[in-house]
Amino acid sequence: QVQLVESGGGLVQAGGSLRLSCAASVRTFSPYAMGWFRQAPGKEREFVAAVTWSGGTTYYSASVKGRFTISRDNGKNTVYLQMNSLNPVDTANYYCASTPRGDSHYNVPGIYNTWGQGTQVTVSS
């Protein structure tokens, strides 16, 4: 069974950048899409970005569009989230997830069937 492992979280000052990575543990990995979500304490899990595995089509939430960039490296079975211009409201635990579904509802957590353990991002003011 595939496992997703996130890395790259940490503490950064407002205005700074971080790059998150999410690697799949299997040699052959072919989801329909990969997504990044985040969850702050006391809040619901929030969609951040998604990318289709084959075509590379990207989707972003309004709150991160223009600041974050999602990308994937199919050869490395890895998806990335480049986060620029970070501010304290971006503080959360960030999760990657994969879905075999191609129905474009990539902002809905329920369509993803495999999740990573999360990586904490803390942005100080």
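Colleague: Mind showing me how you'd approach the sheet that holds strand β7 (residues 68-73) here?
Modeller: Backbone hydrogen bonds are what pair the strands of a sheet, in a parallel or an antiparallel way. Pairing is antiparallel in the open sheet, where four strands are placed in the order β1-β3-β8-β7. Each edge of the open sheet carries a strand with a single partner, namely β1 (4-7) and β7. Going across the sheet, the axis of each strand differs from the next one's by a mean of 15°, ignoring polarity. One ladder, built from six bridges, connects strand β3 (residues 18-24) with strand β8 (residues 78-83); its direction is antiparallel. Pairing of Leu18 across the sheet is with Met83, part of β8.

Colleague: Would you mind showing me how to read the nonpolar core here?
Modeller: Formed by 27 residues in total, the largest nonpolar core has its most connected members in Trp36, Leu81, Met83 and Tyr94. Elements supplying a minimum of two residues to this core: β3, β4 (33-39), β5 (46-52), β7, β8, β9 (92-99) and β11 (119-124). With four residues, β3 is the single largest residue contributor to this core. Not counting the four nearest positions on each side in its chain, Met83 is found in contact with Gly16, Ser17, Leu18, Leu20, Arg67, Phe68, Tyr94 and Val121. Core analysis: the next-biggest nonpolar cluster, separate from the first, contains eight residues, Ala33, Phe47, Ala50 and Ala97 among them.

The rules behind the values
Residues numbered from 1 in each chain as written. Predicted model: local features only at pLDDT ≥ 70, side-chain atom pairs only at ≥ 80, totals over all residues. Heavy atoms only, no water. Pairing = 2+ DSSP bridges. Helix = DSSP H or I, 4+ residues; strand = E, 2+ residues; numbered from the N terminus. Axes fitted to C-alpha atoms, helices over the stretch in contact; angles between N-to-C directions. Core = buried A, V, L, I, M, F, W, Y, C linked by side-chain atoms within 4.5 Å. Buried < 20%, exposed > 50% of the residue type's maximum accessible area, 1.4 Å probe, protein only. Contact = heavy atoms within 4.5 Å.

Scope: geometric values only; no functional claims are made or implied.
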